[in-house]
Each structure stands twice: as C-alpha cells, then as structure tokens.
Amino acid sequence: QKEVEQDPGPLSVPEGAIVSLNCTYSNSAFQYFMWYRQYSRKGPELLMYTYSSGNKEDGRFTAQVDKSSKYISLFIRDSQPSDSATYLCAMSAGGGGFKTIFGAGTRLFVKA
Amino acid sequence: KAGVTQTPRYLIKTRGQQVTLSCSPISGHRSVSWYQQTPGQGLQFLFEYFSETQRNKGNFPGRFSGRQFSNSRSEMNVSTLELGDSALYLCASSPGTGTNTQYFGPGTRLTVL
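Model, not experiment: these values are computed from the prediction. (Residues numbered from 1 in each chain as written. Chains lettered and ligands numbered in written order. Predicted model: local features only at pLDDT ≥ 70, side-chain atom pairs only at ≥ 80, totals over all residues. Heavy atoms only, no water.)

Asker: Tell me what's going on with the overall build of chain B, and back it up with residues and numbers.
Answerer: Assigned secondary structure in chain B consists of zero helices and 11 strands. Secondary structure elements of chain B occur, N-terminal to C-terminal, as β-β-β-β-β-β-β-β-β-β-β. Over its C-alpha trace chain B gives a radius of gyration of 13 Å, about what one expects of a compact globule, namely 13 Å for 113 residues. Dimensions of chain B along its principal axes, counting C-alpha atoms only, are 40 × 25 × 25 Å. The burial tally for chain B puts 51% of its 113 residues in the buried class. Counting only contacts in chain B whose residues sit at least 6 apart along the sequence, the fraction spanning at least 24 positions is 54%. With an accessible surface of roughly 5,200 Å², chain B has 49% of that area assigned to carbon and sulfur atoms. Across chain B, 11 positive and 5 negative side-chain charges occur, with their mean positions spaced 5 Å apart. (Helix = DSSP H or I, 4+ residues; strand = E, 2+ residues; numbered from the N terminus. Rg over C-alpha atoms; globule rule 2.2 N^0.38 Å. Buried < 20%, exposed > 50% of the residue type's maximum accessible area, 1.4 Å probe, protein only. Contact = heavy atoms within 4.5 Å. Areas by Shrake-Rupley, 256 points an atom, 1.4 Å probe, with all protein chains shown as cover. Lys, Arg positive; Asp, Glu negative; His and termini not counted. Charge placed at Lys NZ, Arg CZ, Asp CG, Glu CD.)

Asker: Account for empty space enclosed by the protein, with residues named and values stated.
Answerer: For the structure shown, the criterion picks out one cavity of 30 Å³ or more. Put simply, the largest cavity is a space of about 70 Å³. Looking at the largest cavity, the residues that line it are Arg41 of chain A together with Arg9, Tyr10, Leu88, Pro106, Gly107, Thr108 and Arg109 of chain B. (1 Å grid on protein atoms, 1.4 Å probe; cavity = no way out; pocket = protein on both sides within 12 Å on 5 of 7 lines; lining within 4 Å. Points joined across faces, edges and corners; volume = space filled by probe spheres on them.)

Asker: Mind laying out the side chain of Gln68 of chain B, listing which residues take part and the relevant values?
Answerer: Residue and element names in this part refer to chain B. In this structure, Gln68 sits in strand β7 (residues 64-68). Reaching out from Gln68, the side chain makes a polar contact with the backbone nitrogen of Phe50 at a distance of 3.4 Å. Excluding residues within four positions of it along the chain, Gln68 makes contact with Arg30, Val32, Tyr49, Phe50, Ser51, Glu52, Thr53, Arg73 and Ser74. (Polar contact = N/O pair within 3.5 Å; in protein donor to acceptor, adjacent residues only side chain to side chain.)

Asker: So what's going on with unusual backbone geometry? Residues and values would help.
Answerer: At the junction of Gly9 of chain A and Pro10 of chain A, the peptide bond is cis and its omega measures out at 10° in the coordinates. Among the secondary structure elements, Pro10 of chain A is positioned in the loop between β1 (4-5) and β2 (11-14). Each neighbour pair has its own omega, and for Thr7 of chain B with Pro8 of chain B the value is -10°, a cis peptide bond. Checked against the element boundaries, Pro8 of chain B lands in the loop between β1 (5-7) and β2 (10-13). One non-glycine residue, Thr80 of chain B, lies in positive phi territory at about 45°. Assessed through its relative accessible area of 47%, Thr80 of chain B is described here as partly exposed.

Asker: Please give an account of the sheet that holds β7 of chain B that cites residues and values.
Answerer: Residue and element names in this part refer to chain B. Taken in spatial order, the four strands make up an open sheet running β1-β3-β8-β7, and their pairing is antiparallel. The open sheet has two edge strands with one neighbour each: β1 and β7. In this sheet, neighbouring strand axes are inclined to one another by 20° on average, regardless of whether the strands run parallel or antiparallel. By the bridge criterion, five bridges tie strand β3 (residues 19-24) to strand β8 (residues 74-78) in an arrangement that is antiparallel. In the strand pairing of β8, Leu21 is matched with Met76. (Pairing = 2+ DSSP bridges. Axes fitted to C-alpha atoms, helices over the stretch in contact; angles between N-to-C directions.)

Asker: An account of the state of the cysteines is needed here, citing residue identities and associated values.
Answerer: Scanning all chains against the criterion turns up two disulfides over all chains. The disulfide bridge from Cys23 of chain A ends at Cys89 of chain A, spanning 2.0 Å between sulfur atoms. Here the disulfide of Cys23 of chain A and Cys89 of chain A is left-handed, its torsion about the S-S bond being about -100°. Of this pair, Cys23 of chain A sits in strand β3 (residues 19-25) while Cys89 of chain A sits in strand β9 (residues 85-92), and the two are 66 residues apart along the sequence. Judged on exposure class, the residue Cys23 of chain A and its partner Cys89 of chain A are both buried. The disulfide that involves Cys23 of chain B links it to Cys91 of chain B, with 1.7 Å between the sulfurs. Taking the sign of the S-S torsion, about -50° here, the bridge from Cys23 of chain B to Cys91 of chain B comes out left-handed. A residue pair is termed long-range when its members are at least 10 positions apart, and Cys23 of chain B in strand β3 and Cys91 of chain B in strand β9 (residues 87-94) qualify at 68 residues. (Disulfide = S-S within 2.5 Å.)

Asker: Let's hear about the interface of chain A and chain B: which residues, and what values?
Answerer: Each partner contributes residues to the interface: chain A has 18 residues there, and chain B has 23 residues. Of the roughly 1,800 Å² buried between chain A and chain B, counting both surfaces, carbon and sulfur atoms make up 53%. At the surface where chain A touches chain B, the tally comes to two residue pairs in polar contact (both at pLDDT 80 or more). Mapped onto the side of chain A that touches chain B, the elements with two or more residues apiece are β4 (32-38) and β5 (45-51) of chain A. Considering each element in turn, the side of chain A that touches chain B owes the most residues, four residues, to β4 of chain A. (Buried area = accessible area lost by both parts, 1.4 Å probe.)

Below is the structure:
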C-alpha cells in the first residue's frame, strides 16, 4: 500500500463547476500538507500549504485536512478552463529537511 | 526574484552512459531537493541537499548521486543509465529552515535509448 493514495482521474467538469480533489494517507506522522498544480511540460507550482488539521482558503481554492481520518481535500470553486492541469497532493512529517511524499496526481479537465 | 532554473531541459542518452543535471535555486535558498517523475511511479523523492550536505535521501540505487556547491547550486549524476531512468527530473528549492514550502524548476526531460 502506498503512503499517499490519489485517484489519477481523469476528472472532467463543465466550466463553473465546483471541483473536489482528494487524497488519503497512512502515515500519522505527516503534519504538513500541500497541493501543487502542474501544467503540461512544466514543474509543479505550489497552490496551498496547510499545517496540521483545519481549513485554508485562498481565492477560489479551499484546502481541508482531517488528520483523524487521514484525508485531505482541495476544492476549486467556479472552475475555469485555465484550471485544467494535474493536481498533486503532497505531505511530509517535517522535523527538518524534506522527504515529501507526493500523490500520483489527478488530471483535471474543465470544459468551456 | 528569478525562479529555479534547470539545465539542460532535454537530454537523450544511451544505456550505460552517465549524465549530469544541473539546478540553480532561487537566490538565498539553501535547500535543493531532487525528484524523479514518471507516468507509472509519479513524483518520487531522490535526495535533498542543505548547505552542501545531503540531509535526506530517498530509496534510489547508488547510481543516483548528487552534490551541492557553496553557492547552493546543485548537480545530480546518474551513472550506468538504464531504460527505466527515462523520466522528468525536477529540482525544488527552499529557504531550508522555518518552512516546508518548495519551489520547483521546469525539469530536465531525460530519454534513455
């Protein structure tokens, strides 16, 4: 079993829809949770960063972390064709240095 | 500030050869991490360097090695290339302390024939 599980999709939605992307994990030591967006032929771009449990909102994006269920989510409101990309969840235990574990990424298509 | 730069962007090698990839982090960042990205395995952590020392290491064979220079620039070397080494190699930089955020470069696409 992988430490981080993420449905690779693809997920196709109409423009304006609310998108829900999710990851589950098994390592209870994870404390830092990130969402990255990756366009084709580009490196991942950090979208959201959350420490421990709770919600964080940034514009059309909301990240949720439920450590008791080992479950994290990213919501995109009023989705746009420019949101079409691969979304990667990532997490680490911290404690100095990086050993970030990434999900497989979910491919999202937003149709105009 | 300029972003993370990686050179070369594309590389074609044959089995058995070796390759060196280069990464220049964001100015002031002291941590550089390397990742391998493939369609089958996703993004996998190779290693992290901080102030010229390897601070973390993933589960890759010893053919994969790296180093960091005093100006924080980093190189990654892969010896005795195998077909399965074909991948996008990504470098990520971070200030190194007080944060877990990383900023990725565009990657080097390595094809092994």
